[in-house]
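Fold and contact review
Read off the chains here:
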Amino acid sequence: MEQLDLRDLLTKSYAVCDALRSANVGNCQALGSSLRTQLKSDLALFGSALAEADGIVADDEIEFIRVTLGYSLESPIIKSMRRKRYVTPSVYKGVPEILKYAVVSDAGNKLQPDPFKRQASMIIYDTFKVFGMSILALRSHETTNADAAQLTSSLEAMEKMLREYGVWRSGNQKFYQIVEPSVDLSAATTQAEDGAPESSSANENSSELEEALAELSSLIGLEGVKRQVNMLVNLIQVQQMRERQGMKPADVSKHMVFLGNPGTGKTTVARLVARIYRLLGVLRKGQLVEVDRSGLVRGYIGQTATRTQEVIEEALGGVLFIDEAYALTVDKGQGDFGQEAVDTLLKAMEDHRDDLVVIVAGYTDLMERFLDSNPGLRSRFSNVIHFDDYTAEQLMAILQQKLEWQEYRLSPEAEARARAMIEHRVATKPENFANARDIRNFMEHAIANHAMRVARLEGAGESKDILGTIQPEDLEDWE
């Protein structure tokens, strides 16, 4: 797999510009200037918006943009940036013009022959991503969540367009891989400190990380959740780039609070976070240890602290996920040892701050009370992520996805009936409403009813259509 740093990405992006112009993709010759100029202008606008996300465009940020893009000191763009009024963060929300041309080319297979294998869009996208991360990494002060949010928001807009046009590539689909600009690519292989060639684990991790992030992105719904996790990933990667440059990295809090009702994907996302943290190098092992109050609290003095410590030891190097964490402190009274578990947990989070990530989850209101129950809790959990209830349309998509995994499908009549039932359940939301868990139960109920019906049909075993099709009668009597 070919490795590219920012310089090589820019070189490839310029080559993309030349190829697009030669093919007159989207009538780009009518621009009156080269697409290389368009690329540089788009990058300068993108970079200055990131630079000003913290309220000021610093000299080192301007110089980085100037040198990287080859502008002179007297360039109008640079002079305008030096006057600190080139752009405000709110201006840059769209998709770069140069990326639009690349998307049109890839989606319509316009380049013949195509030296970029229909990945011109990804080359441009990755150039913007690495360029933006490089700006955040070179700052003399700490990169904040607001900075990472600005970068993430811009990249999301680009990624959305790539996905809509079917030209997004991730994981091992790429024919190249990004490495930070600080990496020396002068040798054919990088060298470890002892002089031996580095193993392929870094490449493998990068590919696996792309796949994990793609899996996160593919989850139905959860748009706000995906945005916050991606923002945190960007923030961590920027700090790692700063550290490799010998700069002081910010102390990024990695503990999380997941707020939401049952069945909204909290455990699924927690597993993905554990995997992503491992691939980022934040955690040694990346395992997920899941417990609730019953797994921590015991009935006698001292037992709860011992049991909690055992669970913590099991989770070291990974993520400790505490579901319904509010149960540790809600309505606590004499003889309740939930607070003992909380106190033990807080101490472990400090003692193992580089080797343990804790995610606590539960209903929004009750979790707010949990965080207020101890002065040290809220300060430890600065990453609060809200999991909204699924819409009826999203739950319908989840049902169809789960059935497809089991090699079933709904007949047109059953699909209409299922949609009506799900819409009614979402509209009324009974006390036991559980989002995707309801859908899993609905599916299992339908499959069981299907089996009872099909077992009585003569010759059913010879028909894949009968064996794999859910009919309206299979959906009845669902509580």
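Residues numbered from 1 in each chain as written. Predicted model: local features only at pLDDT ≥ 70, side-chain atom pairs only at ≥ 80, totals over all residues. Heavy atoms only, no water.

**Examining the pairing of strand β3 (residues 256–260)**
Strand residues, when the strand is regular, have side chains that alternate between the two faces of the sheet. Among the 5 residues that make up β3, 5 are buried, leaving the element largely enclosed by the rest of the structure. Where burial is concerned, the two faces of β3 agree: the one with M256, F258 and G260 and the one with V257 and L259 are both buried. With 4 bridges connecting them, β3 and strand β6 (residues 357–362) associate as parallel partners. Residue pairing for β6: M256 is matched across the bridge by I359. Of the pairings in the sheet, the one linking β3 to strand β7 (residues 383–387) comprises 5 bridges and is parallel in character. Bridge assignment links L259 to a residue of β7, and that residue is H386. (Buried < 20%, exposed > 50% of the residue type's maximum accessible area, 1.4 Å probe, protein only. Helix = DSSP H or I, 4+ residues; strand = E, 2+ residues; numbered from the N terminus. Pairing = 2+ DSSP bridges.)

**Points about the nonpolar core**
V229, F258, Y277, I359, L399 and I422 are the most contacted members of the largest nonpolar core, which totals 56 residues. At 9 residues, helix α10 (residues 266–280) tops the list of elements feeding residues into this core. Every residue in contact with I359, bar those within four places of it in the chain, is listed here: M256, F258, A270, V273, V319, L320, F321 and I322. Counting residues in hydrophobic clusters, the runner-up holds 53 residues, among them L6, V25, I77 and A120. (Core = buried A, V, L, I, M, F, W, Y, C linked by side-chain atoms within 4.5 Å. Contact = heavy atoms within 4.5 Å.)

**Focus: the sheet that holds strand β4 (residues 288–291)**
Strand order in the open sheet formed by 5 strands is β4-β5-β6-β3-β7, and the pairing between neighbours is parallel. This sheet does not close on itself; its edge strands, each paired only once, are β4 and β7. Here the strands of the sheet are splayed against their neighbours by 20° on average, with no regard to which way each runs. Where β4 and strand β5 (residues 319–323) come together, 4 bridges link them in parallel fashion. Bridge assignment links V291 to a residue of β5, and that residue is I322. Contacts between helix α9 (residues 223–244) and the sheet are confined to β3 and β7, with β7 contributing the most and set at about 155° to the helix. (Axes fitted to C-alpha atoms, helices over the stretch in contact; angles between N-to-C directions.)

**Some remarks on the pattern of salt bridges**
Where charged atoms from two side chains of opposite charge come close, those side chains can pair. Inspection of the entire model under this criterion finds 21 salt bridges. Salt bridges sharing partners connect three or more residues here, namely E368, D372 and R378. (Salt bridge = Lys/Arg side-chain N within 4 Å of Asp/Glu carboxyl O.)

**Quick look at the packing of aromatic side chains**
Applying the stated criterion across every chain yields a total of 6 aromatic pairs. Centre to centre, the rings of F258 and F321 are 6.4 Å apart; their planes meet at 55°, and the pair counts as tilted. Note that F258 is positioned in strand β3 and F321 in strand β5, a separation of 63 residues in sequence. In terms of burial, F258 and F321 fall into one category: buried. (Phe/Tyr/Trp six-rings, centres within 6.5 Å; stacked < 30°, edge-to-face > 60°.)

On their own, these measurements won't tell you what the molecule is for.
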